[in-house]
Amino acid sequence: AMERLVERLEKAVERLETVCQGPGMCADGSSKGVAQYVQAFDALLAGPVAEYIKISKEVGGDVQKHAEMVHAGLMSERALLVMASQHQQPTENVFSSLLKPISEQIQVVQNFREKNRGSKLFNHLSAVSESIPALGWVAMTPKPGPYVKEMTDAAMFYTNRILKEYKDVDKKQVDWVKAYLSIWTELQAYIKEYHTTGLTWSKTGPVATEGAKSPSASPAGAAPPPPGPPPPPAPAPTSCSTDDSASRSALFAQINRGEGITSGLRHVSDDMKTHKNPALKNQGGPVRSGPKPFTAPKPACNANPSQKTSPKAPPLLELEGKKWRVENQENATNLVISDTELKQVAYVFKCTNSTLQIKGKINSITLDNCKKLGLVFDDVVGIVEIINSKDVKVQVMGKVPTISINKTDGCHVYLSKNSLDCEIVSAKSSEMNVLIPTEGGDFTEFPVPEQFKTVWNGQKLVTTVTEIAG
């Protein structure tokens, strides 16, 4: 503790010695003329980062390799800070190309984890991979600090597993966790002091351009970096839509086969659960939703598709703790989750044109931001929630107490004989139908009301369903 205190005092003195006049710039132009906030970042590199690199070397193997990649990302970040301290803020387009070396390095770190799923140190790789998008704080306004905290929390899911595994077994692993997490807690303090609402650019000096490379930018011979992370999706103009009901009904015809649907399913083995398509993987960038995107939203109807820069997030089907994550699946018509337990939940996010079957009994299922998705499940003890989705079909084979439909257009719910007492709660949704099984094995379709009439009866408002004429 004493050493740590001395180290902190030294840092403080170092900062005081550099008397800066201009905003973020120091008086003399000598080598000592490094902006105060770059010096403070260097102190972070010399402190927690150096400690993390040192212990990672001792742990060795994949952890050591990963640490070298993290270090490269931090050095790209330092290069950007040096540039910002000497230049005025550039346009959004120039800025997003200046961010490329950082987003490229984030991707390198994350790909390493994906390629080493069998690693004995997979929790270490996951802790780093899940939190490394924190380097993207330089593009976040107005809350870069809270963004870094969010990433740190993502790391702690895994560092807690490491602590649990090694707490009384190997002190070095515990020290590794402390060193790694301290990088991000110190970075939050650093941001709070120098870049509270976003990266601070110089008020003087030339406006930054892509050519104005900072001293330690990537070498000349390097491959072109991938584009930055995608903007939040722009609402697609209706003119782009090829959403004809024919393709919709074709996709879901198979779900209407009831029990027969399971015959065409293929089991998804462990090695297939994360997509191995490198074209998807190498497109770069921390795809976390932060307060501000790296690039300006592009119009959704792009005449030349090759110009689109937003990378696709990799598809997932994995169990994380108690949560089955099924994300970014496209045109996957035979996803199956079979190894289920009662305490587990399923979260299905941004899946398109796909079908998913969940076997056994689980706690709850959430479909969020899905389009043209078919879900077949056995039993749910809690709730099935459908939110922000379009054209989904849900079939229960066993029992479910509640189905909630929110902000969804186009939803067919197929009930089983055992789930006829299910409550269906809906809000802000349209084109909802509940299908009730008949003796002959077919279904009869009943629309869920969307239109209501409300009158004041002298004491309170009374709302009744209005039958839609026609």
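Cut-offs applied
Residues numbered from 1 in each chain as written. Predicted model: local features only at pLDDT ≥ 70, side-chain atom pairs only at ≥ 80, totals over all residues. Heavy atoms only, no water. Helix = DSSP H or I, 4+ residues; strand = E, 2+ residues; numbered from the N terminus. Buried < 20%, exposed > 50% of the residue type's maximum accessible area, 1.4 Å probe, protein only. Contact = heavy atoms within 4.5 Å. Areas by Shrake-Rupley, 256 points an atom, 1.4 Å probe, with all protein chains shown as cover. Pairing = 2+ DSSP bridges. Salt bridge = Lys/Arg side-chain N within 4 Å of Asp/Glu carboxyl O. Expected span 1.5 Å × (residues − 1). Bend = angle between axes of the 7 residues up to and from the residue. Axes fitted to C-alpha atoms, helices over the stretch in contact; angles between N-to-C directions. Parallel < 35°, antiparallel > 145°, perpendicular 65-115°, else oblique.

## With respect to the overall build of the protein chain
Looking only at helices and strands, one finds 10 helices and 16 strands in the protein chain. For the protein chain, the proportion of its 470 residues judged to be buried stands at 44%. Here the analysis covers contacts within the protein chain between residues at least 6 apart in sequence; of these, 48% occur between residues at least 24 apart. Accessible area of the protein chain: about 24000 Å², with a carbon and sulfur share of 54%.

## Let's talk about the pairing of strand β7 (residues 371-380)
Burial runs high along β7: 7 of the 10 residues are buried. Note that strand β5 (residues 352-362) and β7 share 8 bridges and pair parallel. Its bridge partner being in β7, Leu 356 is matched across the sheet by Leu 375. In the sheet, β7 pairs with strand β9 (residues 390-396) via 6 bridges, with the strands oriented parallel. When the sheet's bridge partners are listed, Gly 374 is paired in β9 with Lys 393.

## Here we look at the pattern of salt bridges
A side chain with one charge may pair with a side chain of the opposite charge, provided their charged atoms come close. In this structure the tally under the stated criterion is 11 salt bridges. Across the pair Glu 114 and Arg 117 runs a salt bridge, and its minimum N-O distance is 3.1 Å. You can call Arg 117 partly exposed: its relative accessible area is 30%. Close ionic contact of Glu 320 with Arg 325 constitutes a salt bridge, the shortest N to O distance being 2.6 Å. Pair check on accessibility: Glu 320 and Arg 325 agree, each one buried. What emerges from the salt-bridge pattern is a single network uniting Arg 113, Glu 114, Arg 117, Glu 130 and Glu 318.

## Overview of helix α7 (residues 144-166)
End to end, α7 covers 32 Å across 23 residues, agreeing with the expected 33 Å (1.5 Å per residue, within 8%). Taken as a whole, α7 carries its principal kink of about 30 degrees at Phe 157. Of the residues making up α7, those classed as buried are Pro 144, Gly 145, Tyr 147, Val 148, Met 151, Thr 152, Ala 154, Ala 155, Tyr 158, Thr 159, Ile 162 and Tyr 166. Taken together, the buried residues of α7 touch α5 (100-115), α6 (122-131), α8 (171-194) and β1 (316-320).

## Let's talk about the sheet that holds strand β8 (residues 383-387)
Pairing is mixed across the open sheet formed by 7 strands, whose spatial order is β1-β2-β4-β6-β8-β10-β12. With one partner strand each, in any of the chains shown, β1 and β12 (423-427) form the two edges of the open sheet. Across this sheet, the average inter-strand angle for adjacent strands is 10 degrees, counted without regard to direction. Bridge count for β8 against strand β10 (residues 402-406) is 5 bridges, and the pairing is parallel. Counted as the bridge partner of Ile 387 is Asn 406 from β10.

## As for the packing of helix α2 (residues 36-59) against α8
Two numbers describe how α2 lies on α8: the axes approach to 8 Å, and their chain directions differ by 170 degrees. Considered as vectors, α2 and α8 are oriented roughly antiparallel to each other.

## Observations concerning the sheet that holds β7
Taken together, the 7 strands give an open sheet; going across it, the order is β3-β5-β7-β9-β11-β13-β14, and neighbouring strands pair in mixed fashion. In this open sheet, the two strands that pair with only one neighbour each are β3 (335-337) and β14 (443-447). Averaged over all pairs of adjacent strands, the angle between their axes in this sheet comes to 15 degrees, without regard to strand direction.

## Here we look at unusual backbone geometry
When glycine is set aside, most residues are seen to have a negative phi, and most peptide bonds are trans. Residues Thr 141 and Pro 142 are joined by a peptide bond in cis, for which omega reads 0 degrees. For Pro 142, the location among the structural elements is in the loop between α6 and α7. With a phi angle near 55 degrees, Asn 328 is a residue other than glycine that sits in the positive phi range. Relative to the assigned elements, Asn 328 resides in the loop between β2 (323-327) and β3. Although it is not a glycine, Asn 331 sits at a positive phi angle of roughly 50 degrees. Within the fold, Asn 331 resides in the loop between β2 and β3.

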